[in-house]
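Listed here are the chains, written in short residue letters.
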Amino acid sequence: QVQLAESGGGLVQAGGSLTLSCAASGSFFSINAMGWFRQAPGKQRELVAHITSGGRISYTDSVKGRFTISRDNAKNTVYLQMNVLKFEDTAVYYCNMVGLMVSYRVFEIWGQGTLVTVSS
């Protein structure tokens, strides 16, 4: 069984910074893709940033140049450094991981979500 534990959300003024982290625990063979999604009130969940096991990174256009995704494979952890936060970044942020169990069965798991509130 794999579990994710997110942390780092909170209230910040526009222009400020926050760092989210998400750590995986449990029994698994590998974690391939790691990503951060967000869902604002009344909107659909959207992909914010994504990083593969090979280090390939992608961002949604609205956060390019402001957010940085990174991963620490030794700690099975993914981070999202968010700078120059805007009011429209307010949302619940969810981490997502895709990997292989020890049985080589593919798993996909979501974090519990952490609220980021940006005051204007």
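Keep in mind the model is a prediction, meaning the values are calculated, not measured.

This next bit is on the pairing of strand 5 (residues 46–51). Pairing between strand 4 (residues 30–39) and strand 5: 5 bridges, direction antiparallel. Note that in strand 5 the partner of methionine 34 across the bridge is isoleucine 51. The hairpin turn running from strand 4 into strand 5, its antiparallel successor, is 6 residues long, and glycine 42 in that turn takes a positive phi close to 75 degrees. As defined by bridge partners, strand 5 adjoins strand 6 (residues 57–59) across 3 bridges and the pair is classed as antiparallel. Looking at strand 6, one finds that isoleucine 51 is bridged to isoleucine 57. In textbook terms, the turn of a hairpin is the stretch between consecutive antiparallel strands, and for strand 5 and strand 6 this stretch comprises 5 residues, one of which, glycine 55, has a positive phi near 90 degrees.

Next up on the list: the sheet that holds strand 1 (residues 2–7). An order of 1-3-8-7 is seen for the 4 strands of this open sheet, with the pairing classed as antiparallel. Looking at strand neighbours, the two that pair on one side only are strand 1 and strand 7 (67–72), the edges of this open sheet. Recorded for the sheet is a direction-independent mean angle of 15 degrees between the axes of neighbouring strands. Across 6 bridges, strand 1 lies against strand 3 (residues 18–26) in antiparallel orientation. Across the sheet, leucine 4 pairs through a bridge with alanine 24, a residue of strand 3.

What follows is about the pattern of salt bridges. This structure, assessed with the given rule, holds 4 salt bridges. Aspartate 89 is paired through a salt bridge with arginine 66; the nearest N and O atoms lie 2.8 Å apart. Remark: arginine 66 occurs in the loop between strand 6 and strand 7 and aspartate 89 occurs in the loop between strand 8 (77–82) and strand 9 (91–100); sequence separation between them is 23 residues. For aspartate 89, a relative accessible area of 1% corresponds to the buried category. Residues participating in the shared-partner salt-bridge network are Arg38, Glu46, Arg66 and Asp89.

Conventions used here
Within any chain, residue numbers begin from 1 and follow the written order of that chain's sequence. With pLDDT at 70 or above as the cut-off, local features in this predicted model cover only qualifying residues; side-chain atom pairs require 80 or more to be listed or tallied, and sums for whole chains, interfaces and linings still use all residues. Calculated side-chain values reflect all of the structure's heavy atoms, with hydrogen atoms and water omitted. When DSSP finds two or more bridges between two strands, those strands count as paired. Secondary structure elements follow DSSP: runs of H or I no shorter than four residues count as helices, runs of E no shorter than two count as strands, and numbering proceeds from the N terminus. Note on definitions: angles span 0 to 180 degrees between N-to-C directions of axes, and those axes are lines fitted to C-alpha atoms, for helices only across the stretch in contact. Put simply, a salt bridge is a Lys or Arg side-chain nitrogen that is within 4 Å of an Asp or Glu carboxyl oxygen. Burial classification: accessible surface area is computed with a 1.4 Å probe over protein chains only, and a residue below 20% of its type maximum counts as buried, one above 50% as exposed, and the rest as partly exposed.

Honestly, that's just the spatial picture; any functional story needs more than this.
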